[in-house]
Amino acid sequence: MMDGFTGDMLSGGRALLGEDSSVMARMQKKFWKTKQVFIKATGKKEDEYVVASDADLDAKLEFFRSVQYTCTELLKVIEKYQHRITRLSQEENELGLFLHFQGEHDHTKAGNMMDATSKALCTSAKQRMALCTPLRRLYQEVETFRRRAIADTLLTVSRMEKSRTEYRGALLWMKDVSQELDPDTYKQLEKFRKV
């Protein structure tokens, strides 16, 4: 007959064993996850069937990275274009003002031509500067898209990559256990089910 103290010891021991197997299972899971991360980091060849099953997802990830890169490059191009348009308009306007000043002092036909050219240059500079407002708007729209949509998608992709690494680690573990599996041995079958 068991007294209360011995019963508590035994049930506590079972709980402790249950914890050990839980800790052991977590350690094994971490081991296989780390092994998968190592395989990915070193560029070792992964199981061809697992890689093939993720081909569609990998294509979508490649497209996302392309959109991400393109948005960043587009922002740089818009910025450079706007800077150059502004600089060109300033130079064109200065040349127009210079010709206008010279045309006022020269009362010959050349002075009239300089004055007409100066008006054309100043008008062209103003029209070119009018492009800056739509360019600024385009820059803001692309920047908003990059900051919100791409940043949000990047967080989702990061979580998905983490889950995929864990999943592939579990597949490695299952593959390892299944290679040692003897269907006649109930204990090994239970281990496989647990994995």
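Each remark here, short or long, concerns the structure printed above.
Residues numbered from 1 in each chain as written. Predicted model: local features only at pLDDT ≥ 70, side-chain atom pairs only at ≥ 80, totals over all residues. Heavy atoms only, no water.

A. Representation of the overall build of the protein chain in the model. In terms of regular secondary structure, the protein chain is built from six helices and zero strands. N-terminal to C-terminal, the α/β element order of the protein chain is α-α-α-α-α-α. Sequence-distant contacts, at least 24 apart, represent 74% of the contacts inside the protein chain between residues at least 6 apart. Just so you have it, the protein chain exposes about 14,800 Å², and 61% of that area is on carbon and sulfur atoms. (Helix = DSSP H or I, 4+ residues; strand = E, 2+ residues; numbered from the N terminus. Contact = heavy atoms within 4.5 Å. Areas by Shrake-Rupley, 256 points an atom, 1.4 Å probe, with all protein chains shown as cover.)

B. Representation of the pattern of salt bridges in the model. Counted by the stated rule, this structure contains 11 salt bridges. A salt bridge links Arg164 to Asp58; the shortest N-O distance between them is 2.8 Å. Placement of Arg164 in helix α5 (residues 132–179) and of Asp58 in helix α3 (residues 55–105) is noted, with a sequence separation of 106 residues between them. Residue Glu161 is joined to Arg164 by a salt bridge in which the shortest nitrogen-to-oxygen separation is 3.3 Å. Residue Glu161 and its partner Arg164 are both found in helix α5; the two are separated by three residues, about one turn of the helix. Take Glu161: its relative accessible area is 14%, and that puts it in the buried class. Here the salt bridges do not stand alone but share partners, grouping Asp58, Arg65, Glu161 and Arg164 into one network. (Salt bridge = Lys/Arg side-chain N within 4 Å of Asp/Glu carboxyl O. Buried < 20%, exposed > 50% of the residue type's maximum accessible area, 1.4 Å probe, protein only.)

C. The arrangement of the nonpolar core in detail. Core analysis: the largest hydrophobic core is formed by seven residues, namely Leu61, Phe64, Cys71, Leu75, Val142, Ile150 and Val157. Here this core gets four residues from one element, more than from any other, and that element is α3. Setting aside residues no more than four positions away along its own chain, Phe64 makes contact with Ile150, Thr153, Leu154 and Val157. (Core = buried A, V, L, I, M, F, W, Y, C linked by side-chain atoms within 4.5 Å.)

D. How the structure looks around the side chain of Arg164. The buried category is assigned to Arg164, whose relative accessible area is 11%. In terms of polar contacts, Arg164 uses its side chain to reach the side chain of Glu161, at 3.3 Å. When near neighbours in sequence (up to four residues on either side) are disregarded, Arg164 contacts Asp54, Leu57, Asp58 and Leu61. (Polar contact = N/O pair within 3.5 Å; in protein donor to acceptor, adjacent residues only side chain to side chain.)

E. Focus on the environment of Lys76. Along the chain, Lys76 turns up in helix α3. Judged by its relative accessible area of 44%, Lys76 is partly exposed. Sequence spacing of Lys76 and Tyr139 is 63 residues, and the spatial spacing of their C-alpha atoms is 9.3 Å.

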